[in-house]
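A structural walkthrough
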Amino acid sequence: MNAIKKTMALLALCVAALHIGLAQSADEIIKQVSANLNKSPWEATLAGTIQNDAGTVQEAEIRVQVLPGTDRLTRLEFKKPSALEGNWVLISDKEVWNYLFLTNQLIIQNRATAKLAGLNDNIIQLGDFDKISERVTSKLVGEENTPQGAAWKLSGAPKTAGQGFSTMEVLILKSDPRPVNLTVKDAGGKPLANLTFKDFKRSDLSAKGLKKYPADAAVVRK
């Protein structure tokens, strides 16, 4: 009986240690993602669904280009939904540029208060996955197999109110630490965004190239 008790006690300790290890390692994984994504410029395509500002879920395809560094820039170019095709958003630490193809307007706003026509405001965060720990308290909840390989699964909630979502789940590729899937949900569990990263590659990007817009565009500051 004593041997059985000792065995059960050891199993209980192992299970407890596993849960502690999972809770402690999420931040380490995020640090690996940050180091990996900040090594050099990169781009990828996000494909899946997003919820617009009217609450309608739409098919989405977004090209993401990121220039890391002190003056970090992220450019999101929309291919889907069709109503947003040709539009793009450029995000810096201080500003958000929103180019509207149909009206040929470039709307420049302060990042802290930016509102994007036709889009949920969470879209502004899409290029900052390596900074997830600044906005979300995350924990490692397990692993999953993805078409790109084994991935860690992180789940978390926003650290402060008013973030526009209730929970966030991210799959992080183990062999090359970077996101391969992102799901953002509201308080009722309804997905605000469910996006898969495709065609990730390192790219020769420049600030000048990412900021390029039509010479005849009307520039509006708000």
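Computed from a predicted structure; not experimentally measured.

1. Observations concerning the environment of Lys153
Tracing the sequence through the fold places Lys153 in strand β8 (residues 149-158). By relative accessible area, which is 22% here, Lys153 ends up partly exposed. Each C-alpha atom, one on Lys153 and one on Pro179, is 9.7 Å from the other, the two residues being 26 residues apart in sequence. In this structure, Lys153 is in contact with Lys139, Leu140, Val141, Gly142, Glu143, Glu144, Glu169, Val170 and Leu171, ignoring residues within four places of it in sequence. Among the polar contacts listed, one links the side chain of Lys153 to the side chain of Glu144, at a separation of 3.4 Å.

2. Concerning the packing of aromatic side chains
The description of two aromatic rings rests on the distance between their centres and on the angle between their planes. Summed over the entire model, instances satisfying the criterion amount to three aromatic pairs. Above the ring of Trp88, the side-chain terminus of Arg75 is found at 3.9 Å from the ring centroid.

3. Describing the pairing of strand β3 (residues 73-80)
Counted residue by residue, β3 has six buried out of eight residues, so it is predominantly covered. Pairing between strand β2 (residues 57-67) and β3: seven bridges, direction antiparallel. Along β3, the bridge assignment pairs Leu67 with Leu73. Linking β2 back to β3 in an antiparallel pair, the connection comprises five residues, with Gly69 at a positive phi of about 120 degrees. In terms of strand pairing, β3 meets strand β4 (residues 88-91) through four bridges, oriented antiparallel. Across the sheet, residue Thr74 finds its bridge partner in β4, namely Ile91.

4. Examining the sheet that holds strand β12 (residues 218-221)
The strand order β7-β8-β9-β10-β11-β1-β2-β3-β4-β5-β6-β12 describes an open sheet built from twelve strands, whose pairing is mixed. For this open sheet the edge positions go to β7 (136-146) and β12, each flanked by a neighbour on one side alone. Strand-to-strand twist in this sheet, taken as the mean axis angle between neighbours without regard to direction, amounts to 20 degrees.

5. Considering the pattern of salt bridges
Taken as a whole, this structure holds nine salt bridges when the rule is applied. Among the ionic pairs, Lys174 bridges to Glu143, the shortest N-O distance being 3.2 Å. Highlighted residues: Lys174 in the loop between β9 (167-173) and β10 (179-185) and Glu143 in strand β7, separated in sequence by 31 residues. Exposure remark for Glu143: the relative accessible area of 52% places this residue in the exposed category. One network of salt bridges, with partners in common, ties together Glu43, Arg63, Arg75 and Glu77.

6. A few points about the environment of Arg72
Of note, Arg72 is situated in the loop between β2 and β3. Polar contacts involving the side chain of Arg72 include one to the side chain of Asn38, which spans 3.2 Å.

7. Quick notes on unusual backbone geometry
Leave glycine aside and you will find that most residues have negative phi; peptide bonds, for their part, are mostly trans. Between Lys80 and the following residue, Pro81, the backbone shows a cis peptide bond with an omega angle of 0 degrees. Within the secondary structure layout, Pro81 lies in the loop between β3 and β4. With phi around 55 degrees, Asn104 is a residue other than glycine that occupies positive phi space. With respect to the element layout, Asn104 can be found in the loop between β5 (95-100) and β6 (105-110).

8. Things to note about the confidence of the model for the chain
Averaged over all residues, the pLDDT of the chain is 82; the fraction at 70 or higher stands at 81%. Between the elements of the chain, mean pLDDT differs from a low of 58, seen in helix α1 (residues 2-37), to a high of 96, seen in helix α3 (residues 207-210). Every residue in residues 3-24 scores below 50 in pLDDT, and together they form one contact with partners more than four places removed in sequence or on other chains.

Analysis parameters
Residues numbered from 1 in each chain as written. Predicted model: local features only at pLDDT ≥ 70, side-chain atom pairs only at ≥ 80, totals over all residues. Heavy atoms only, no water. Helix = DSSP H or I, 4+ residues; strand = E, 2+ residues; numbered from the N terminus. Buried < 20%, exposed > 50% of the residue type's maximum accessible area, 1.4 Å probe, protein only. Contact = heavy atoms within 4.5 Å. Polar contact = N/O pair within 3.5 Å; in protein donor to acceptor, adjacent residues only side chain to side chain. Phe/Tyr/Trp six-rings, centres within 6.5 Å; stacked < 30°, edge-to-face > 60°. Lys NZ or Arg CZ within 6 Å of the ring centre and 35° of its normal. Pairing = 2+ DSSP bridges. Axes fitted to C-alpha atoms, helices over the stretch in contact; angles between N-to-C directions. Salt bridge = Lys/Arg side-chain N within 4 Å of Asp/Glu carboxyl O. pLDDT = per-residue confidence, 0-100.

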